[in-house]
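Architecture and fold: a report
Spelled out, the chains give:
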Amino acid sequence: MGSLLLPTLTKKREVDSIIRDTIDKVLVLRFGRVSDSICLQLDDILSKSAREVSKFATVSLVDIDSEDVQVYVKYFDITLIPSTIFFFNAHHMKMDSGGADHTKWVGSFHRKQDFVDVVESIFRGAMKGKLIVSCPLPPERIPHFQLLYKDL
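Computed from a prediction, not measured in an experiment: that's the story for all the values here.

1. Quick word on the pattern of salt bridges
Following the criterion strictly, the structure yields nine salt bridges and no others. Between R33 and D65 there is a salt bridge, with its nearest N and O atoms 2.8 Å apart. Placement of the pair is R33 in the loop between strand 2 (26–32) and helix 2 (37–50) and D65 in the loop between strand 3 (57–63) and helix 3 (70–75), with a sequence separation of 32 residues. Relative accessible area serves as the criterion here: at 27%, R33 is assigned to the partly exposed category. Looking at D65, the relative accessible area reads 47%, which means it is partly exposed. Measuring nitrogen to oxygen at the nearest pair gives 3.1 Å for the salt bridge that ties E52 to K112. On the criterion of sequence distance, the pair formed by E52 in the loop between helix 2 and strand 3 and K112 in helix 4 (residues 112–127) is long-range, its members being 60 residues apart. Overall, the relative accessible area of 39% leaves E52 in the partly exposed class. Note on K112: relative accessible area 33%, which makes it partly exposed. Among the ionic contacts, a cluster of salt bridges with common partners joins R111, D114 and R141.

2. Thoughts on the pairing of strand 3
Among the seven residues that make up strand 3, five are buried, leaving the element largely enclosed by the rest of the structure. Relative to strand 3, strand 1 (residues 8–9) runs parallel, the two sharing two bridges. If you follow T8 over to strand 3, its bridge partner there is L61. Where strand 2 and strand 3 come together, seven bridges link them in parallel fashion. Residue V28 lies in a different strand from strand 3, and its bridge partner there is V59. Traced from strand 2 through helix 2 to strand 3, the parallel crossover comes out right-handed.

3. Some remarks on the confidence of the model for the protein
Mean pLDDT over the protein works out to 91, with 92% of the residues at or above the 70 mark. The element-level mean pLDDT for the protein is lowest in strand 6 (residues 105–106), coming to 92, with helix 4 highest at 98.

Parameters and conventions
Residues numbered from 1 in each chain as written. Predicted model: local features only at pLDDT ≥ 70, side-chain atom pairs only at ≥ 80, totals over all residues. Heavy atoms only, no water. Salt bridge = Lys/Arg side-chain N within 4 Å of Asp/Glu carboxyl O. Helix = DSSP H or I, 4+ residues; strand = E, 2+ residues; numbered from the N terminus. Buried < 20%, exposed > 50% of the residue type's maximum accessible area, 1.4 Å probe, protein only. Pairing = 2+ DSSP bridges. Right-handed = clockwise from strand over helix to strand, strands pointing away. pLDDT = per-residue confidence, 0-100.

If you want it as structure tokens, here you go:
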């Protein structure tokens, strides 16, 4: 499957290091698990796109089941998987995709070109000094999730 081609991070220091050391490129971190079918679908898109975006992005996977990365799972409030977080020069990049949460992309992309378009948009915005960019995809190709609060 595609995830075998992408590096998988399981330690906090590995995540710290890649965030700190990825310079002048978008860092794409997919938080999820290899046993999840939607994660595998996204991993396939990411691995097929990695070469195409390699001049302006680096893609890695983060195993949310690893005890050592739970600090990131909690910090980014990763409750749904897959969740994809973007960085540029160690700055957390946000994207307005029409939902309440601009901090991460939740779910998979419909196709490879959607992922490439999102990463290009983040890269162009970051090069202009922006920390939040607008999603270039039409609303029907953006996954939306209803958050339900029960017994609060």
